[in-house]
Amino acid sequence: MIRENTIRALASVLLTASVLILSITFLLLKKQEFSENENRYLEPLPALTWESVKSGQYMENINSYLCDHFPFRDFFIGLKTRTEITLGRREINQVFIGRDGYLIEKYQKPVNTEQISRTLKTFGEKEELTGKELHLMLVPTAIYTYKNKLPEFAPAADQMETAEKIYQDSGLLSIDCSQDLLAHQQDGQLYYRTDHHWTTYGAYVGYLAFCREKGLVPVSLDELEAETAAEDFCGTIYSKVNDYSQKGDKITIYRNPADKLTVYYEDTKETTDSLYNLKYARKKDKYSLFLDNLHPLIEITNENAESERELVLIKDSYANSITPFLAHHFKKIYVFDTRYYKWGPSSFIKGHEGITDVLILYNMNTVDTDLGIRGIY
């Protein structure tokens, strides 16, 4: 009986001490505004008002605040995730825990295919596009190309069935790189293990498909200067799963010594001679080193381009890592992120008679919901 009371007393002391220590730690620790691991802003301390208390919103916000700033939160989240994976869980936050360390984003059933097809068709029929070579490139993601890395019984919807419908209904000339990616699986890493983007090598495979369809002679990798920009890239999918034991990815960039580039960012009025901003290699969002993250319009001029042709590239972030390969073939490339460009590429094309080519490039996991593709007019 004495022993049982001693154990109970000891447990109470330990529990009380733990709560006290965590409470003091919570009060003393500096509160973060942004979680690098989760790639999101944390809940701020809510303002106390009568209306928020009466509606119950204050208690909801304060609960979120306490959860977001709990002491050693990253450690406990990582421990929870690692425990779940060890116990056999193979899907966390819409991400499959794949083989060989791959985290593969689940493909959501598209619901806007017809609307997107109509939007693309309308864009292609605009008078400004008359005489331009207009192509559409829809890139499959890892769940299509790396089916062999998915956990057993994981559903793998065929993204390219949707892509084929969009190609057909939009009436645009297609550049289908899906078979190229499947054919090069053994030649190099096509997608990052911790991020939703294709790797630079995957983008190069897409570039080969582009050159084939356009009748261009691609620059071989042997002619390019390779550089490891980062070795610890933990991307967006890493932030969804929160498995902090996951090894980071390597980011390789390629420079063409034959090119002489001028890169102008229209929104910031900055000019540089490189398509890479390596300051991002020291940050969490390392993929943003391609084309300096997000800009409404980027103008790339290559004085040593192999032709006088000019390309308009309407895109999502998948295009950021393929652009350095495309730059060799065009005197100018105008890169549009239509989520942020307010005036519409079609009016821009109308005002620039030198434009000869237009490429629309999106990945299949975001094309259904990306607001940019609805603003391509």
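Keep in mind that this is a model prediction, so the values were computed, not measured.

Definitions and limits used
- Residues numbered from 1 in each chain as written.
- Predicted model: local features only at pLDDT ≥ 70, side-chain atom pairs only at ≥ 80, totals over all residues.
- Heavy atoms only, no water.
- Helix = DSSP H or I, 4+ residues; strand = E, 2+ residues; numbered from the N terminus.
- Buried < 20%, exposed > 50% of the residue type's maximum accessible area, 1.4 Å probe, protein only.
- Areas by Shrake-Rupley, 256 points an atom, 1.4 Å probe, with all protein chains shown as cover.
- Phe/Tyr/Trp six-rings, centres within 6.5 Å; stacked < 30°, edge-to-face > 60°.
- Lys NZ or Arg CZ within 6 Å of the ring centre and 35° of its normal.
- Patch = residues over 30% accessible without salt bridge, like charges linked within 9 Å, V, L, I, M, F, W, Y side chains within 5 Å.
- Salt bridge = Lys/Arg side-chain N within 4 Å of Asp/Glu carboxyl O.
- Lys, Arg positive; Asp, Glu negative; His and termini not counted.
- Contact = heavy atoms within 4.5 Å.
- Pairing = 2+ DSSP bridges.
- Expected span 1.5 Å × (residues − 1).
- Arc of directions from axis to C-beta.
- Polar contact = N/O pair within 3.5 Å; in protein donor to acceptor, adjacent residues only side chain to side chain.
- Core = buried A, V, L, I, M, F, W, Y, C linked by side-chain atoms within 4.5 Å.

Caption draft 1: Summary view of the overall build of the chain. In terms of helices and strands, the chain carries 12 helices and 15 strands. Taken across its 377 residues, the chain has 50% of its residues classed as buried. Split by element, the accessible area of the chain, about 19300 Å² in all, is 54% carbon and sulfur.

Caption draft 2: Examining the packing of aromatic side chains more closely. In this structure the tally under the stated criterion is 16 aromatic pairs. Look at Tyr254 and Phe325: their rings are 6.0 Å apart centre to centre, the planes differ by 45 degrees, and that puts the pair in the tilted class. Placement of Tyr254 in strand S9 (residues 249–255) and of Phe325 in helix H11 (residues 323–326) is noted, with a sequence separation of 71 residues between them. Each member of the pair, Tyr254 as well as Phe325, is classed as buried. Taken together, the ring pairs in this structure connect Tyr192, Phe233, Tyr276, Tyr287 and Phe290 into an aromatic cluster. Over the face of the ring belonging to Tyr280 we find Lys283, whose NZ or CZ atom lies 5.0 Å from the ring centre.

Caption draft 3: Examining a nonpolar patch on the surface more closely. A contiguous nonpolar patch, built from Leu48, Trp50 and Val53 and spanning about 370 Å² of accessible area, is present on the exposed surface. By secondary structure assignment, the location of Val53 is in helix H2 (residues 50–55). Judged by its relative accessible area of 41%, Val53 falls in the partly exposed class.

Caption draft 4: Structural view of the side chain of Lys132. Assignment of secondary structure puts Lys132 in the loop between helix H5 (113–124) and strand S6 (133–139). Look at Lys132: it is buried, it has no salt bridge, and the nearest opposite charge is Glu353 at 7.9 Å. Discounting chain neighbours no more than four positions away, the residues touching Lys132 are Ile349, His352, Glu353, Ile355, Thr356 and Val358.

Caption draft 5: Spatial organisation of unusual backbone geometry. Backbone geometry at Asn93 places phi at a positive 50 degrees, although glycine is not the residue there. By the secondary structure assignment, Asn93 is in the loop between strand S3 (91–92) and strand S4 (95–97). A positive phi angle is found at Asp100, which is not glycine, with a value near 60 degrees. Tracing the sequence through the fold places Asp100 in the loop between S4 and strand S5 (103–105).

Caption draft 6: Molecular detail of the sheet that holds S5. Overall, antiparallel pairing links the 3 strands, which are arranged S3-S4-S5 in an open sheet. For this open sheet the edge positions go to S3 and S5, each flanked by a neighbour on one side alone. Pairing geometry for S3 and S4, over 2 bridges, is antiparallel. Pairing of Ile92 across the sheet is with Val95, part of S4.

Caption draft 7: Broad picture of the pairing of strand S15 (residues 357–363). Counting buried positions along S15 gives 7 out of 7 residues, so the element sits mostly inside the fold. Bridging between S6 and S15 involves 7 bridges; their strand directions are parallel. Note on S15: the bridge partner recorded for Val139 is Asn363. Strand direction decides the pairing type here: strand S13 (residues 310–315) and S15, joined by 5 bridges, are parallel. The residue bridging Lys315 from the neighbouring strand is Leu361, located in S15.

Caption draft 8: A look at helix H7 (residues 159–170). Compared with an ideal rise of 1.5 Å per residue, which puts 12 residues at 16 Å, H7 spans 17 Å between its outermost C-alpha atoms and is within 8% of the ideal. Of all the residues in H7, the buried ones are Gln159, Met160, Thr162, Ala163, Ile166, Tyr167 and Ser170. Relative to the axis of H7, the buried residues are bounded by an arc of 150 degrees and lie together on one face. Exposed side of H7, more than 90 degrees from the buried face: Glu161 and Gln168 are the residues found there. Of the surrounding secondary structure, the elements contacted by the buried residues of H7 are H5, S6, helix H6 (142–145), strand S7 (173–174) and helix H8 (178–183).

Caption draft 9: Layout of the environment of Arg89. Mapped onto the fold, Arg89 is located in the loop between helix H4 (73–86) and S3. We classify Arg89 as partly exposed; its relative accessible area is 38%. Taking the C-alpha atoms as reference points, Arg89 and Pro151, 62 residues apart in sequence, are found 10.0 Å from one another. When near neighbours in sequence (up to four residues on either side) are disregarded, Arg89 contacts Glu84 and Ile97. Polar side-chain contacts of Arg89 include one of 2.8 Å to the backbone oxygen of Glu91.

Caption draft 10: Structural view of the nonpolar core. Trp198 and Ile360 are the most contacted members of the largest nonpolar core, which has 77 residues in total. A per-element tally of this core places helix H9 (residues 200–214) first, with 8 residues. Ranked by size, the runner-up nonpolar core spans 12 residues in total, among them Tyr192, Ile253, Tyr276 and Tyr280.

Caption draft 11: H5, seen in detail. The end-to-end C-alpha distance of H5, which contains 12 residues, comes to 16 Å, matching closely the 16 Å that a straight helix rising 1.5 Å per residue would cover. Every buried residue of H5 is accounted for by Thr113, Ile116, Ser117, Thr119, Leu120 and Phe123. For H5, the angular spread of buried residues about the axis comes to 160 degrees, placing them on one side. The exposed set on the far side of H5, more than 90 degrees from its buried face, consists of Glu114 and Arg118. On its buried face, H5 is in contact with S6, H7, S13, helix H12 (345–350) and S15.

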